[in-house]
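# Descriptive analysis of the structure
Residue-level listing of the chains:
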Amino acid sequence: MMPVRESYDVVVIGAGAGGMTAAAVAAAEGLRVLVIEKTAFVGGTTAWSGGMVWIPANGKMKEVGLSDSVTDAVQYLASTVPEPANAGPRAAFLARGPEAIAYLEANTEVRLQPVKVYPDYYPERLGATAGGRVLEPVAFDGTRLGPGFARLRPPLPEFTLFGGMMVNRLDIPHLRKIGKSFRSTLRSMRLLSQYARQRLHAPRGTTLHLGNALAARLYASLLARQVEMLFSADVEDLVVEGGRVSGVTIRHGARDRTIAARRGVVLATGGFSHDAHLRKRFFPPAAGFVSATSTAGTGDGLRLATASGAALNRDATSPAYWVPASLFRRDDGSRGVFPHTVTDRAKPGIIAVNAAGRRFINEALSYHEFVLGMLRDGNGEPDRPFHLICDRDFLWTYGLGRIKPFTWNVRRYVRSGELIEAPSIAQLAERIGVAPSSLAATVADYNANATSGQDPEFGRGSTIYQRHLGDAARKPNPCVAPIQRAPFFALRIYPADLGTAIGMKVDAQARVLREDGTPIAGLYACGNDMGSIMNGNYPGPGITLGPALTFGYIAGRHLAEGGSVTSSLATASV
């Protein structure tokens with residue numbers, strides 16, 4: 001529905017985590033806010049994500065007996081984000097991240113809880129923690145959105161069970177033990193019966209977890225504050241008067257219209273993951289064109305901002321946040337992209353091989369580091385094939401990609417060509433196009449040490465992060481086991497992105513900057529429209545959503561305060 005008003009205090013472009021946070025905070029501060037979303041849904045890529053939020057020294061840590069400090073976080077980031085670029089915004093994130101979480105919990109529907117055990121991705125570095133910096137959304141009842149539930153972007157089908165049931169990370173071990181443990185069977189049956197009741201009244205499960213719960217909580221916050229939403233609308237231009245952004249020109253249906261923004265405009269359109277021109281300009285050729293993000297991220301914010309004189313942050317050591325992904329076709333014919341984040345690569349009994357049939361990296365490294373290894377392999381040649389290799393025991397116990405554990409019949413995946421099966425390693429090699437002798441030698445070398453839980457070539461399972469993602473029941477190494485029971489399987493994986501790291505330069509108040517470093521009055525950016533404060537590095541889980549919520553909060557507060565400098569801490573540097 002077209003909003004009746006010609007003017008608002010704040011216009012937010014994009015209804016992902018960053019944009020909805022900015023809108024929720026501005027509305028909580030008493031401003032009249034309009035959110036413009038180009039799709040029919042709220043949530044963006046956040047609604048598909050794990051929903052992890054990385055906030056060092058957050059107040060929730062003390063509640064579970066953990067300690068942290070900004071000093072430790074500064075020390076950790078000094079080694080994981082060594083580049084000096086974006087030091088000011090990075091310091092603002094560390095200084096104000098805990099403040100942002102406390103504000104959101106006090107003034108919105110956002111509720112987060114600490115993940116007590118979830119290590120930073122480089123746990124051997126000084127200042128790292130074994131858990132607590134990561135916050136996850138508390139489960140949310142989607143029926144609280146009322147008719148708005150239909151506006152919440154559904155999770156990826158591959159991350160649900162039984163056609164729409166979401167489960168949290170603590171439920172998964174119990175579901176794996178159905179029939180083996182009385183306690184787990186009882187808990188699983190409760191989940192299933194709850195889901196069955198929900199499906200009587202809704203097209204999918206209404207108990208929401210992960211990023212879908214975070215998106216739902218932010219959307220509920222907007223609904224509670226009567227924030228107006230305009231869906232399926234494109235912003236064509238920013239209105240600039242006297243050097244200040246004062247509104248937007250939009251196209252909604254067949255009609256163009258100008259809407260004034262008295263305080264300012266927030267850009268939160270999700271980056272440029274799906275813009276072929278910008279990918280070709282900024283991404284390495286070996287990256288290809290696979291993205292695990294929402295297709296709405298086509299660079300709208302960057303184009304709007306640069307047309308108004310904004311500077312791009314090109315200092316990123318990597319232009320994107322990376323994840324290995326497998327591709328497939330769903331039953332409805334749509335292309336699916338499955339991000340291999342934490343479900344399979346670090347489990348015991350799987351290896352990754354390159355076009356020569358050789359291992360090229362520690363499979364249990366973070367997804368970002370894993371893809372950096374893919375991009376380096378073969379001197380960055382484009383379209384270079386990579387495969388995950390496992391045996392029948394692994395596939396049954398842990399699943400592979402979208403194939404869930406305990407799948408009795410994998411024939412449909414084999415018939416489609418998504419999963420490659422062979423009775424021997426040599427035949428598997430032929431079917432994936434590598435020399436049989438090479439792959440056989442690779443598996444034999446791996447197996448020779450895997451039987452005793454060793455990986456001398458890459459040291460898999462050598463850190464608490466890697467062991468956390470393995471199988472604790474596997475001794476002595478939760479990440480290493482031999483590949484030996486036929487049939488054998490291969491799944492092709494591709495370098496894919498989880499979001500772009502190149503975006504607008506901003507200051508510590510989330511204001512978009514010109515090339516000369518001066519802020520463009522009335523223009524703010526957050527989320528992936530904002531250049532990465534981590535400079536394209538990936539220190540820990542949730543380092544995209546943590547800054548998105550923090551700078552959405554900072555933008556909302558700064559707009560409410562009329563553009564004054566909010567904190568001397570915000571201008572400090574790391």
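We now turn to the structure provided with this report. (Residues numbered from 1 in each chain as written. Predicted model: local features only at pLDDT ≥ 70, side-chain atom pairs only at ≥ 80, totals over all residues. Heavy atoms only, no water.)

This brings us to the overall build of the chain. Counting its regular elements, the chain contains 15 helices and 21 strands. At 24 Å, the chain has a C-alpha radius of gyration in line with the 25 Å of a compact globule built from 574 residues. By principal-axis analysis of the C-alpha atoms, the chain measures approximately 70 × 55 × 50 Å. Sorting the 574 residues of the chain into buried and exposed places 59% on the buried side. Accessible area of the chain: about 22000 Å², with a carbon and sulfur share of 53%. (Helix = DSSP H or I, 4+ residues; strand = E, 2+ residues; numbered from the N terminus. Rg over C-alpha atoms; globule rule 2.2 N^0.38 Å. Buried < 20%, exposed > 50% of the residue type's maximum accessible area, 1.4 Å probe, protein only. Areas by Shrake-Rupley, 256 points an atom, 1.4 Å probe, with all protein chains shown as cover.)

As summarised here, the arrangement of the three strands in space is S3-S5-S4, forming an open sheet in which the pairing is antiparallel. The open sheet terminates on both sides in strands that have one partner only, identified here as strand S3 (53-54) and strand S4 (112-114). Here two bridges tie S3 to strand S5 (residues 134-137), and the two strands are oriented antiparallel to one another. In the sheet register, Trp54 faces S5, and the bridge partner there is Val134. (Pairing = 2+ DSSP bridges.)

For the rest of this paragraph, the subject is the layout of surface pockets. In this structure, the second largest pocket spans a volume of roughly 280 Å³. As for the second largest pocket, its lining consists of Arg392, Asp393, Leu395, Trp396, Thr407, Trp408, Asn409, Val410, Arg411, Glu421, Pro487 and Phe489. Sorting elements by how many residues they give to the lining of the second largest pocket places helix H10 (residues 392-398) first, with four residues. (1 Å grid on protein atoms, 1.4 Å probe; cavity = no way out; pocket = protein on both sides within 12 Å on 5 of 7 lines; lining within 4 Å. Points joined across faces, edges and corners; volume = space filled by probe spheres on them.)

Bringing the packing of helix H1 (residues 17-28) against helix H3 (residues 87-107) into the picture now. Following both chains from N to C, one finds H1 and H3 inclined at 65°, their axes separated by 11 Å at the closest point. The two elements H1 and H3 cross, and the hand of that crossing is left-handed. Of the residues in H3, those in contact with Thr21, Val25 and Ala28 of H1 are Tyr103, Leu104 and Asn107. (Axes fitted to C-alpha atoms, helices over the stretch in contact; angles between N-to-C directions. Left-handed = near helix turned anticlockwise from the far one by under 90°. Contact = heavy atoms within 4.5 Å.)

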